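Residues per chain, in single letters:
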Amino acid sequence: MSVHPANDTFWIDRSEQKQKTASLNHRTRHSISDLFRKTISALRTRRKQKMDRDSFDTLLSLDDRSLADIGVTRDEVKWASSLPLSTNAALEIAALKSSKKQ
């Protein structure tokens, strides 16, 4: 910012104004770009989690004997299916089995 010599008022030199605007536009574009990338990444993660859970939920279509052959019970599969999508249901059953052995 500069002082106008004729009347001692403040004014902004046009080149200085363009630099500030360019800098602001760059930061805004960068922020929007980051937000877009993060949103796409979160959506992809959520989609993968949903697909994984849908695959896991197919275990519920098996009969109890088949589940026993795999080493899980229907109740364990139902419990793991009710966990949030961000939680890997198969790993939770494995951890549950591991803690029961100890």
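Here, the structure is the one placed above.
Source: prediction; values computed, not measured. (Residues numbered from 1 in each chain as written. Predicted model: local features only at pLDDT ≥ 70, side-chain atom pairs only at ≥ 80, totals over all residues. Heavy atoms only, no water.)

A. Inspection of helix α4 (residues 89-101) at higher detail. Along its 13 residues, α4 runs 19 Å from first to last C-alpha, staying within 8% of the 18 Å computed at 1.5 Å per residue. Where α4 begins, one side-chain oxygen reaches toward the backbone nitrogen of A90, 3.0 Å away; that side chain belongs to N88. (Helix = DSSP H or I, 4+ residues; strand = E, 2+ residues; numbered from the N terminus. Expected span 1.5 Å × (residues − 1). Polar contact = N/O pair within 3.5 Å; in protein donor to acceptor, adjacent residues only side chain to side chain.)

B. Broad picture of the side chain of R53. On the secondary structure map, R53 appears in helix α1 (residues 14-57). D57 is the oppositely charged side chain nearest to the buried, salt-bridge-free R53, at an N-O distance of 5.0 Å. A polar atom in the side chain of R53 sits 2.7 Å from the backbone oxygen of L83. When residues no more than four places from it in sequence are discounted, the contact partners of R53 are A80, S81, L83, P84, L85, T87 and A89. (Buried < 20%, exposed > 50% of the residue type's maximum accessible area, 1.4 Å probe, protein only. Lys, Arg positive; Asp, Glu negative; His and termini not counted. Salt bridge = Lys/Arg side-chain N within 4 Å of Asp/Glu carboxyl O. Contact = heavy atoms within 4.5 Å.)

C. Quick peek at the packing of helix α3 (residues 74-81) against α4. Here α3 crosses α4 at 130 degrees, and the two axes come no closer than 9 Å. Relative to α4, the element α3 lies oblique. Seen along the crossing, α3 lies across α4 with a hand that is right-handed. Seen from α3, the contacting residues are E76, V77, W79 and A80; seen from α4, they are A89, E92, I93, L96, K97 and K100. (Axes fitted to C-alpha atoms, helices over the stretch in contact; angles between N-to-C directions. Parallel < 35°, antiparallel > 145°, perpendicular 65-115°, else oblique. Left-handed = near helix turned anticlockwise from the far one by under 90°.)

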